[in-house]
Amino acid sequence: MFLTRYSSAFCLSLLALFSWIPARAAQAPAPRPVEWAQPVEVQYNLFQMSPTLYRSALPDDGAVPLLNNLKVATVINFLPEADSSWLKAPGIHQVQLPYRTNHVDDSDVLKTLRAIQSAEADGPVLMHCKHGSDRTGLMAAMYRIVVQGWSKEDALNEMTQGGFGESGHFRDSVRYVMQADVDKLRIALANGDCSTSAFATCSMKSWFQTVNLK
């Protein structure tokens, strides 16, 4: 009798254990996709997107040793304030491309993608805004889509779910990504065009300069 009760209790315990394990597994966070940008330094919201491209929030002078360790050769800044206030390392080139996500257009994206590609030839690149989420997130997504060939869905998933900031900050960025004509952007990038439209301000300036030279 005692053995029967003991066996029954033991079986019930095993059943409870096996039912608990899947429940705990379901609650565990999903592993971070390996193709997403991987965290490097929490303090600066610093992530590595590729062997030659990093993204972050606004660094300070305390980040300079870290950038040197990562062999960053170029810092691209999307803010209106220059990086010269904190970045005085002579070996790191500074590029300033300020823009706002609620006023972004194809010329901003092309300018950034071209700057990244050009700078990558000299070594790793860091791009940043203030928080490392919306402005940096948009350009990171467009780099994924236009340069690396990601789908819009995959790039948006990384942008909004990658742990770079509050998802509510991405509304304007998501809107731009969804309406962007990727084929036109790729053609313009390959041709050296400043925009996908011949009637864009930068395109008209180039046309007038060409006419005047002739």
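Everything below is about the structure printed above this text.
Residues numbered from 1 in each chain as written. Predicted model: local features only at pLDDT ≥ 70, side-chain atom pairs only at ≥ 80, totals over all residues. Heavy atoms only, no water.

Caption draft 1: Representation of unusual backbone geometry in the model. One non-glycine residue, asparagine 45, lies in positive phi territory at about 50°. Owing to a relative accessible area of 15%, asparagine 45 belongs among the buried residues under this scheme. The backbone of lysine 71 sits at a positive phi, close to 65°, despite the residue not being glycine. Here lysine 71 lies in the loop between helix H2 (64–69) and strand E4 (74–77). A relative accessible area of 63% means that lysine 71 is categorised as exposed. (Buried < 20%, exposed > 50% of the residue type's maximum accessible area, 1.4 Å probe, protein only. Helix = DSSP H or I, 4+ residues; strand = E, 2+ residues; numbered from the N terminus.)

Caption draft 2: Structural view of the pattern of salt bridges. Per the stated rule, a full pass over the model turns up two salt bridges. Across the pair arginine 144 and glutamate 158 runs a salt bridge, and its minimum N-O distance is 2.8 Å. Remark: glutamate 158 occurs in helix H5 (residues 152–161) and arginine 144 occurs in helix H4 (residues 134–147); sequence separation between them is 14 residues. We note that arginine 144, like glutamate 158, is buried. (Salt bridge = Lys/Arg side-chain N within 4 Å of Asp/Glu carboxyl O.)

Caption draft 3: Here's a closer look at the environment of glutamate 153. Here glutamate 153 shows up in helix H5. Spatially, the C-alpha atoms of glutamate 153 and methionine 178 are 9.0 Å apart, while their sequence positions differ by 25 residues.

Caption draft 4: Up close: the state of the cysteines. For the structure on display, the rule yields one disulfide. Here cysteine 194 pairs with cysteine 202 through a disulfide, and the sulfurs are 2.2 Å apart. Negative torsions about the S-S bond denote left-handed disulfides, and the value of about 95° found for cysteine 194 with cysteine 202 makes this one right-handed. Exposure remark for cysteine 202: the relative accessible area of 23% places this residue in the partly exposed category. (Disulfide = S-S within 2.5 Å.)

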